[in-house]
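Survey of secondary and tertiary structure
Listed here are the chains, written in short residue letters.
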Amino acid sequence: MTTLAGGFIFGSLTFLIPRIFEVNLSGISVDIAITGLLAGIVYAIASLSQVGVGYLIDRYSPKIILGFVIAVFLNNQVLKLAPFFRTIIFMPVVTAIAIIGIVMTFVFSPFNGPANKFLMGMNITSGPIDFLGDPNTVLPTVMGVYVWKWLGITMMYWLAALQTVPQDVYDAAKIDGAQGFKLWFHIILPIVLPFAIVIVLVEAVGALNVFPLIETMTAGGPFFSSEVMEVYIFRTAFVTDSGTMPRLGYACAAGVIWGVAVLYITCLIYTSDPADE
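Residues numbered from 1 in each chain as written. Predicted model: local features only at pLDDT ≥ 70, side-chain atom pairs only at ≥ 80, totals over all residues. Heavy atoms only, no water.

Concerning the overall build of the protein
Note the threshold: Strands here mean DSSP runs of E at least two residues long; helices mean DSSP runs of H or I at least four residues long; both are numbered from the N terminus. Exposure categories follow from relative accessible area, calculated using a 1.4 Å probe and restricted to protein chains: below 20% of the type maximum is buried, above 50% is exposed, and the middle band is partly exposed. It only takes one pair of heavy atoms within 4.5 Å for two residues to be counted as in contact. Surface accessibility follows the Shrake-Rupley procedure with a 1.4 Å probe radius. Residue values consider only the protein chains on display as shielding.
Of the regular secondary structure elements, the protein holds twelve helices and zero strands. The order of α-helices and β-strands along the protein, N terminus first, is α-α-α-α-α-α-α-α-α-α-α-α. Within the protein, buried positions represent 36% of all 277 residues. Taking all contacts inside the protein whose residues are at least 6 apart in sequence as the whole, residues at least 24 apart take part in 67%. Carbon and sulfur atoms form 72% of the exposed surface of the protein, whose accessible area is close to 16,400 Å².

Quick notes on a nonpolar patch on the surface
Using the following cut-off: For patches, a residue must show more than 30% relative accessible area and have no salt bridge; joins then use 9 Å for like charges and 5 Å for nonpolar side chains, namely Val, Leu, Ile, Met, Phe, Trp and Tyr. Salt bridge criterion: a side-chain nitrogen from Lys or Arg within 4 Å of a carboxyl oxygen from Asp or Glu.
On the surface, Leu-81, Phe-84, Phe-85, Ile-88 and Met-91 cluster together into a nonpolar patch covering about 480 Å² of accessible area. Inspection of the secondary structure assignment puts Leu-81 in the loop between helix H3 (55-74) and helix H4 (82-90).

Overview of the pattern of salt bridges
Note that side chains of opposite charge can pair when their charged atoms are close. Applying the stated criterion to the full structure yields two salt bridges. One salt bridge in this structure joins Lys-63 and Glu-203, with 2.0 Å as the shortest N-O distance. Here Lys-63 is found in helix H3, whereas its partner Glu-203 is found in helix H9 (residues 181-207), with 140 residues between them in sequence. The same class applies to Lys-63 and to Glu-203, which are both buried. One salt bridge in this structure joins Glu-227 and Arg-235, with 2.5 Å as the shortest N-O distance. With relative accessibility at 26%, the residue Arg-235 sits in the partly exposed group.

Considerations on H9
What counts, and what does not: Expected span of a helix: the number of residues minus one, times 1.5 Å. By definition, a residue's bend is the angle between the axes fitted to the seven residues ending there and the seven starting there.
Taking 1.5 Å per residue as the helical rise, H9 with its 27 residues ought to reach 39 Å, whereas the 30 Å between its terminal C-alpha atoms falls clearly short. At Leu-189, H9 is bent by approximately 55°, the largest bend along its length, and proline Pro-190 sits one to four residues beyond.

Structural notes on the confidence of the model for the protein
Applied cut-off: The pLDDT value tells you how sure the predictor is about a given residue, anywhere from 0 up to 100.
Confidence along the protein averages 77 in pLDDT terms, with 74% of residues attaining 70 or more. Taken element by element, the predicted model of the protein shows its lowest mean pLDDT in helix H2 (residues 37-50) (52) and its highest in helix H5 (residues 97-107) (93). Low pLDDT, under 50, characterises residues 49-54; the predicted model gives this stretch seven contacts beyond four residues in sequence or across chains.

Regarding the packing of helix H7 (residues 138-162) against H9
Convention followed: All axes here are fitted lines through C-alpha atoms, helices being fitted over the stretch that makes contact, and every angle between N-to-C directions spans 0 to 180 degrees. Here the word oblique covers every angle except those under 35 degrees (roughly parallel), over 145 (roughly antiparallel) and from 65 to 115 (roughly perpendicular). In this scheme, a crossing is called left-handed if the near helix is turned counterclockwise away from the far one by less than a right angle; it is called right-handed if the turn is clockwise. The nonpolar class holds Ala, Val, Leu, Ile, Met, Phe, Trp, Tyr, Cys and Pro. Asp, Glu, Lys and Arg form the charged class, and all remaining residues, Gly among them, are polar.
The interhelical angle for the contact between H7 and H9, taken along N-to-C directions, is 140°, at an axis separation of 10 Å. In terms of orientation, H7 lies oblique with respect to H9. The element H7 and its partner H9 pack so that their crossing is right-handed. Judged by residue contacts, Tyr-146, Ile-153, Thr-154, Tyr-157, Trp-158, Ala-161 and Leu-162 of H7 engage Trp-184, Ile-188, Val-192, Phe-195, Ala-196, Ile-199, Val-202, Glu-203, Gly-206 and Ala-207 from H9. A per-class count over the contact of H7 with H9 returns 14 nonpolar, two polar and one charged.

Listed below in structure tokens is the structure:
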């Protein structure tokens, strides 16, 4: 009982009370003297209209598909070097994301960066490409780094799902003549489908957390072309233009609505239990 009470007090001090103050602050405008929850909701809707979430699908769907393809390949017991390739692919996951962001700014630098040296050395491009300075290339570049960074954990999710399929199922399917696409679409995929739903939801929550990578690589630039919701909230609350006041109420309102969206997806994960299927 004492442990439970201590846990409740600790949780209230570290999570519940700060969230209450955040919700209260989200109804306060530093531009106009308006208070109340309605003002906070209006601010949040306005902020979400400025920074959409359409990038979410483009950000994590390639990682899910690529992770699945690699997991299928490495789940083959005939491949003796599968553990080695799993380790190589998983290594970026355990590397600090801030360090990766800083290193990648040098890798994709237009001034003697390794990426540009390789492209010009192979005669693919005639001159250096400013990957992180061009609004047309900055977001795909950051997305590529994000996929490379977290591909290993997605691969492990799919491997865990694929390894729940008993070997007897493969043997029985081969005896019945099911091979190739028939084996996967009619037998394997229906078995791993409940796990696939959970994997997609987990990846969706993970794709919402890219602030360290964006902030270290581009800080939302150039011209806000790589700015996502987390960077937008940070910039609105702390990084102000010359001579302007921080818009804390606006940022907190956006943070509250963004937190509710993440909480909703998290609840979907807990209600999507593969054991119930």
